Amino acid sequence: MTARPELVAEAASVTFSAGFGGRLRTHALRGLTLRVGGERPAITAVVGESGSGKTTLLRLLLGFQAPTAGTVSFGGRPVAAFGPAERRDFRRRVQAVFQDPFDAFNPFWRVEHPLVAPLMAFGLAPTRAVALEQSAAALAAVGLNPGETIGKYPHQLSGGQRQRVMIARALAVDPSILLADEPVSMVDASLRATILESLWKMNRERGIALVYVTHDLTTAYQVADVVLVLYGGMVMEVGAAEEVIHRPRHPYTSALVEAVPSPDPQVDWKLGDGREAAEPGRPPALGCPFAPRCPHAMPRCTAERPALFRTDAMRAAACFLHERAAAATPAAIQAAVAGAEGGG
Ligand SMILES: Nc1ncnc2c1ncn2[C@@H]1O[C@H](COP(=O)(O)OP(=O)(O)OP(=O)(O)O)[C@@H](O)[C@H]1O
Ligand SMILES: [Mg+2]
């Protein structure tokens, strides 16, 4: 396998069924094509309101959730077909950080345990002493003082410190991809920027590709190269962060950007249209999931699903307002942004 294998979702859908005979369907993801990692590792922010499919996307990329259609592959091999050795390699190279920095700890273990154990298990440290040294280096890399951290129990650390330990844990095993689901939403606002900055540095200095899942447009703009806007399991808009936030093309993105009340990253955004987010996973089976709330909706919007149209070199929007443009995939847009940033 190459040094930087790509993690690729290809036309991947996830549908949950419930009720008698699976009659109630939730389309958590619809035909998503996305690339993470590879030779030009970027930071991709996935933004969307609650229920838009963000966590489902990360679980899909982690191999925790099988696609109901389409595929997920790593280094060109379908994740579902991995044997034990490949799975082990995948588990090391693709790391995840979740929202709740307390949930992830066993209260009876000292905080270095979750760092030392995987280093030993993956054979990355020959002895416990070496693993401890490596853990200390990983803690320092995320701005923690190893001397004040090692030996403590989880309850002796603040939420921000615990989340940084979790990020250190993910980074200690030398991954090529980090998938982070709302990593700072439960952390004190004063610490969010520091944590996001350390993630940004990991990308720029160590070439770790990052998928940053958030409902916070402001922090997405601060760290990401590419912003991908999800609604009802569908990509509404994807493009260079600057373009998506400053010149949104999709009515949904426009509404989101206008709903950001201030540039203060502590403030979450919510659509101010007074309507329920209406379980975005369960909008009309046909058409655009945003149509029921869209100020520009046309009759066809509830009957047909728009493709993702490439409105600009580094951006695409799934909206019939832009159907003169050619169709594109998020992966093509990601490649265009990476190419521009990499200098060609
Ligand atoms: N295991 C499951 N079984 C049934 N439905 C599910 C399951 N997991 C998620 N869903 C549904 O899929 C849709 C997308 O959920 P998901 O958790 O991916 O959203 P999200 O964007 O992460 O939301 P949040 O911001 O609240 O974390 C929702 O409608 C949710 O109810
Ligand atoms: Mg979620």
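Residues numbered from 1 in each chain as written. Chains lettered and ligands numbered in written order. Predicted model: local features only at pLDDT ≥ 70, side-chain atom pairs only at ≥ 80, totals over all residues. Heavy atoms only, no water.

Trainee: How should I be thinking about the packing of helix 3 (residues 113-121) against helix 6 (residues 159-172) in this particular structure?
Mentor: A pair of packed helices is characterised by two quantities: the angle between their axes and the separation of those axes. For the pair helix 3 and helix 6, the least separation of the axes is 9 Å and the interaxial angle reads 10 degrees. Relative to helix 6, the element helix 3 lies roughly parallel. Contact residues: Pro114, Leu115, Pro118 and Leu119 in helix 3; Val165, Met166, Ala168, Arg169 and Ala172 in helix 6. The class makeup of the residues in the contact of helix 3 with helix 6 is eight nonpolar, no polar and one charged. (Axes fitted to C-alpha atoms, helices over the stretch in contact; angles between N-to-C directions. Helix = DSSP H or I, 4+ residues; strand = E, 2+ residues; numbered from the N terminus. Parallel < 35°, antiparallel > 145°, perpendicular 65-115°, else oblique. Contact = heavy atoms within 4.5 Å. Nonpolar A, V, L, I, M, F, W, Y, C, P; charged D, E, K, R; others polar.)

Trainee: Looking at this structure, I do not really get the pattern of salt bridges. What am I missing?
Mentor: Applying the stated criterion to the full structure yields eleven salt bridges. One salt bridge connects Arg93 with Asp89, and the closest N-O pair in it is separated by 2.9 Å. Of this pair, Arg93 and Asp89 both sit in helix 2 (residues 84-93), four residues apart, roughly one helical turn. We classify Arg93 as buried; its relative accessible area is 12%. Among the ionic pairs, Arg315 bridges to Glu237, the shortest N-O distance being 2.7 Å. Residue Arg315 is found in strand 12 (residues 315-317), and its partner Glu237 is found in strand 10 (residues 234-240); the two are separated by 78 residues along the sequence. We note that Arg315, like Glu237, is buried. (Salt bridge = Lys/Arg side-chain N within 4 Å of Asp/Glu carboxyl O. Buried < 20%, exposed > 50% of the residue type's maximum accessible area, 1.4 Å probe, protein only.)

Trainee: I keep staring at unusual backbone geometry and nothing clicks. Help me out?
Mentor: With the exception of glycine, most residues fall at negative phi, and the peptide bonds are largely trans. The phi dihedral of Ala11 falls on the positive side, at around 45 degrees, and the residue is not glycine. Checked against the element boundaries, Ala11 lands in strand 1 (residues 6-18). The partly exposed category is assigned to Ala11, whose relative accessible area is 41%.

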